[in-house]
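Residue-level structure breakdown
Here are the chains, one letter per residue:
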Amino acid sequence: MRVVMFGYQTWGHRTLQALLDSEHDVVTVVTHPRSEHAYEKIWSDSVADLAEKHGVPVIIRNRPDDALYDLLAEAAPDIIVANNWRTWIPPRIYDLPRHGTLNIHDSLLPAYAGFSPLIWALVNGEKEVGVTAHLMDEELDAGDIVVQRAVAVGPTDTATDLFHRTVDLIAPVTVEALGLIASGQTAFTPQDRSKASFFHKRAEEDIRIDWNWPAEDLERLVRAQSAPYPAAFTYHRGQRVEIVSAVVSQGRYGGTPGRVFYREGDGVVIVAGADSRHGRNRGLAITRVRTADGRELPATEYFTSMGGYLTGRP
């Protein structure tokens, strides 16, 4: 089949590589310009560079426009394949090819449509994550599922671990889905919209620690914001402190959320949970921190004395 590919960053790069390695003919690539957004500078393998290396025409756009539609109509694709395209694709474009548009999304749809699905899924304690190939329709990430593959989330996995595990699914999922479509299959699995969820882009407010959260949730937030993602942060004595690593405490600690309370093992326990006054909650045992000047050190060296509070703002 003649394929036009829409994509960006490493997800798009892996999709394009899979298409180039397949029996299909990539006739045009559409990608976004480079971005300075914190999350878009991560996993930023260039789709444009890969396409140009293989002699595939490249179109740079922030969003589709009339001129792009004309160029795509001229390319006459049998199908569009999209992965990590960051803006709305209108119906006249996604319906342009005879097989429509196949979108590759890094979640187990219908859950976690939208943005940063791996991070949100890890924060929320999901047991599995994965990749879904679905046909695009008028609702974002809501079309019929062609192929879906899952991987387990381990108890110490970071978002970076999950990225590497799921990005390796892109090629087999894409190629299998295209094979089914090329074979003439047209009946695929409708999404159960009662199980759908949709998430926004991550921003600084999403990594600000709220000590009213249970320690178990905060520990997952720290893992979800593993390097190279921006680290979860809090304030101590008016200074921003990033939490590099942490575990849920062994003991149960009572008091006020955010209290710097007790040395436990290699960590310093912070009281956590909106109901922590009852003394039934685990705390968050911080093990490593990064200070505002970029120094990374064990929490037991940073917190030279117990007492005081960690807060959401200076």
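Residues numbered from 1 in each chain as written. Predicted model: local features only at pLDDT ≥ 70, side-chain atom pairs only at ≥ 80, totals over all residues. Heavy atoms only, no water.

**Focus on the overall build of the chain**
- Regarding its fold elements, the chain presents 9 helices and 16 strands.
- When the backbone C-alpha atoms are referred to their principal axes, the chain occupies close to 70 × 40 × 30 Å.
- Relative to its full complement of 314 residues, the chain shows a buried share of 52%.
- Taking the intrachain contacts of the chain between residues at least 6 apart in sequence as the baseline, contacts between residues at least 24 apart amount to 67%.
- Put simply, the chain shows about 14,200 Å² of open surface, and 49% of that area lies on carbon and sulfur atoms.
- A distance of 8 Å separates the average location of the 32 positive side-chain charges in the chain from that of its 41 negative side-chain charges. (Helix = DSSP H or I, 4+ residues; strand = E, 2+ residues; numbered from the N terminus. Buried < 20%, exposed > 50% of the residue type's maximum accessible area, 1.4 Å probe, protein only. Contact = heavy atoms within 4.5 Å. Areas by Shrake-Rupley, 256 points an atom, 1.4 Å probe, with all protein chains shown as cover. Lys, Arg positive; Asp, Glu negative; His and termini not counted. Charge placed at Lys NZ, Arg CZ, Asp CG, Glu CD.)

**Structural notes on the nonpolar core**
- Within the largest apolar cluster, 71 residues are counted, with the highest numbers of intra-cluster contacts made by L102, W211, I286, V289 and F303.
- Among the elements that make up this core, the one with the highest residue count is helix α5 (residues 117–123) (6 residues).
- When neighbours within four sequence positions are excluded, F303 is seen to be in contact with H236, V260, R263, V268, I286, V289 and L310.
- Membership of the second largest hydrophobic core comes to 15 residues, among which are V30, L68, I80 and W85. (Core = buried A, V, L, I, M, F, W, Y, C linked by side-chain atoms within 4.5 Å.)

**Examining the pairing of strand β4 (residues 79–83)**
- For β4, the buried fraction is high: 5 of the 5 residues fall into the buried class.
- The side-chain alternation of β4 yields two buried faces, one formed by I79, V81 and N83 and the other by I80 and A82.
- The pairing of strand β1 (residues 2–7) with β4 spans 5 bridges and is classified as parallel. Counterpart to M5 in the pairing with β4 is V81.
- Judged from the 4 bridges that link them, β4 and strand β5 (residues 101–105) form a sheet pairing that is parallel. Directly across from N83, in β5, lies its bridge partner I104. (Pairing = 2+ DSSP bridges.)

**Here's the deal with helix α8 (residues 215–224)**
- When you tally the buried positions in α8, you get 8 out of 10 residues, the bulk of the element.
- Looking only at α8, the buried set comprises A215, L218, E219, R220, L221, V222, R223 and A224.

**Points about the pairing of strand β12 (residues 260–264)**
- Taken together, the 4 bridges between β12 and strand β13 (residues 267–270) define a ladder with antiparallel strand orientation. Each bridged residue has a counterpart across the sheet, and for R263 the counterpart in β13 is V268.

**Some words on the pattern of salt bridges**
- A full pass over the atoms with the stated rule returns 18 salt bridges.
- For the salt bridge of D168 with R14, the shortest nitrogen-to-oxygen distance reads 3.0 Å. Highlighted residues: D168 in the loop between α6 (159–167) and α7 (170–182) and R14 in helix α1 (residues 9–21), separated in sequence by 154 residues.
- R98 is the partner of D78 in a salt bridge, and the nearest nitrogen-oxygen pair spans 2.9 Å. Residue D78 is located in the loop between α3 (66–75) and β4, and its partner R98 is located in the loop between α4 (91–94) and β5; the two are separated by 20 residues in the primary sequence.
- Judged by relative accessible area, which is 63%, R98 ranks as exposed.
- A cluster of three or more residues bridged by salt bridges with shared partners is formed by E242, R288, R290 and E296. (Salt bridge = Lys/Arg side-chain N within 4 Å of Asp/Glu carboxyl O.)

**A few points about the environment of G179**
- Mapped onto the secondary structure, G179 falls in helix α7.
- Residue class for G179 comes out partly exposed when judged on its relative accessible area of 34%.
- Put simply, G179 and H24 are 155 residues apart on the chain and 9.7 Å apart in space, counted from C-alpha to C-alpha.

**Details of the packing of aromatic side chains**
- Across all of its chains, the model carries 11 aromatic pairs by this definition.
- Taking the centre distance of 6.2 Å and the plane angle of 70° together, the rings of W43 and Y229 count as edge-to-face. Of the two residues, W43 is situated in the loop between β2 (25–31) and α2 (47–53) and Y229 in the loop between α8 and β10 (233–236); the sequence distance between them amounts to 186 residues.
- Residue classification places Y229 among the buried positions, given a relative accessible area of 10%.
- Where Y253 meets F261, the ring centres are 5.6 Å apart and the plane angle is 85°; that geometry is what we call edge-to-face.
- One aromatic cluster in this structure is built from W11, W43, F163 and Y229.
- Geometry around F233 places R240 over its ring, the cationic atom sitting 3.7 Å from the centre. (Phe/Tyr/Trp six-rings, centres within 6.5 Å; stacked < 30°, edge-to-face > 60°. Lys NZ or Arg CZ within 6 Å of the ring centre and 35° of its normal.)

**Some points on the side chain of N84**
- Along the chain, N84 falls in the loop between β4 and α4.
- Of note is the side chain of N84, whose polar atom sits 3.0 Å from the backbone oxygen of Y8.
- There is a polar contact of 2.6 Å between the side chain of N84 and the side chain of R86.
- Apart from the residues lying within four places of it in its own chain, the contact partners of N84 are G7, Y8, Q9, W11, H32 and I104. (Polar contact = N/O pair within 3.5 Å; in protein donor to acceptor, adjacent residues only side chain to side chain.)

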